[in-house]
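Report on the structure
The primary structure of each chain is shown beneath.
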Amino acid sequence: MASSLYFILPALGGYTLTSLYLLKNPQILHKKKRAAFHCTHISHRGGKEGTVEGLEQGTGMLELDCHLTRDGHVVVSHDENLLRQTGHDVTISSLNLEELPLQKDRLEVTFYAGHYSTGTDRKFTLLEEVFRKFPKMPVNIEIKEDNSLLMEKVSNMVKQYDREDLTVWATVDSTIMKKCRRTNSTMPYSFSMRRGLQLLLLYYSGLLPFVPLGESFLQFYLPRIINRTYIPEERLLKNRMVIYLIEKLTMKKSLFKHLANRGIQVHLFVCNEDPDIEAAFEAGATGVMTDYPTLLTDYLHRHRSQD
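Throughout what follows, the structure given in this document is the object of discussion. Owing to the predicted nature of the structure, the values given are computational and were not obtained by experimental measurement.

What to know about the side chain of Ser-174
Among the structural elements, Ser-174 can be located in helix H5 (residues 174-183). Ignoring any residue separated from it by four or fewer positions in sequence, one finds Ser-174 in contact with Ser-192, Arg-194 and Arg-195.

Observations concerning the side chain of His-258
Inspection of the secondary structure puts His-258 in helix H8 (residues 253-261). Judged by its relative accessible area of 0%, His-258 is buried. One polar contact links His-258 to Arg-262, side chain to side chain, over a distance of 3.1 Å. Ignoring sequence-local partners within four residues, the contact set of His-258 consists of Leu-22, Leu-23, Pro-26, Leu-208 and Pro-209.

Overview of helix H6 (residues 193-205)
Over its 13 residues, H6 extends 19 Å from the first C-alpha to the last, a length consistent with the 18 Å expected when each residue adds 1.5 Å. Those residues of H6 that fall on the buried side of the exposure criterion are Gly-196, Leu-199, Leu-200, Leu-202 and Tyr-203. The buried residues of H6 occupy an angular sector of 160° when the element is viewed end-on, so they sit on one face. Looking at H6, the residues exposed on the side facing more than 90 degrees away from the buried face are Leu-197 and Leu-201. Positioned one or two residues after H6, Gly-206 has a phi angle of 85°, which is positive.

Parameters and conventions
Residues numbered from 1 in each chain as written. Predicted model: local features only at pLDDT ≥ 70, side-chain atom pairs only at ≥ 80, totals over all residues. Heavy atoms only, no water. Helix = DSSP H or I, 4+ residues; strand = E, 2+ residues; numbered from the N terminus. Contact = heavy atoms within 4.5 Å. Buried < 20%, exposed > 50% of the residue type's maximum accessible area, 1.4 Å probe, protein only. Polar contact = N/O pair within 3.5 Å; in protein donor to acceptor, adjacent residues only side chain to side chain. Expected span 1.5 Å × (residues − 1). Arc of directions from axis to C-beta.

Given below as structure tokens:
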């Protein structure tokens, strides 16, 4: 046993040193991804629950969720069930486009408890309207349903408006992501939940510098907002120790810097106060997602002028 340590310890030490070196110098093994855009400012849900109002706030990217109406229209909406947004307990898929109710004129911001968004534009927006109005704007589209027709319609629309390099597939579900990629493999895509966990395992095992990554974006909660501005429904996430461990395990500057050096953008969300925006950039985020585009715009202007 003692003699084997003479081989194991040097090998382990060599592996560790090589892994750390390649973590800081990933270009040795990996060609850096060259995205068509780089976003520091991302508007969560388009800035205000998926309506066109609020999309022109100096943002660099829109984050949207899409669903399919009964008559086949791709609608921008966070929820499939419209009770929270409209007060009507109906689903988008059960209604034709003209039957969709108006959104509430005063709607609580999901990631900013006790705060409300208001506006005169209460209609649900079509994805095609967003593409027409903002032809050069990068858009992150989250697909929450295992709906092949929805994926096909989104893909066809992306091709129609010639924006495959400007539109990102996003979903937490790995199965859905595989189907999105099969539907359109030319669009960049983000880490799913399972792939994000695999990323952490690769990082802590030291294997990450040796493994190729297909994703172009990592989008993740800023843990410090949980149970403060964002109150989750999951009982597990209400535990302070769990949130502390999540923050310690995930907010790693060396991990985020490694990803950035490989051309993978890191977006932390949802930051609706200046201290959270600052914390996200301090953690190594390349971009921040917010429900308040003007707040983030003002923050970036102030800090650029200070620099």
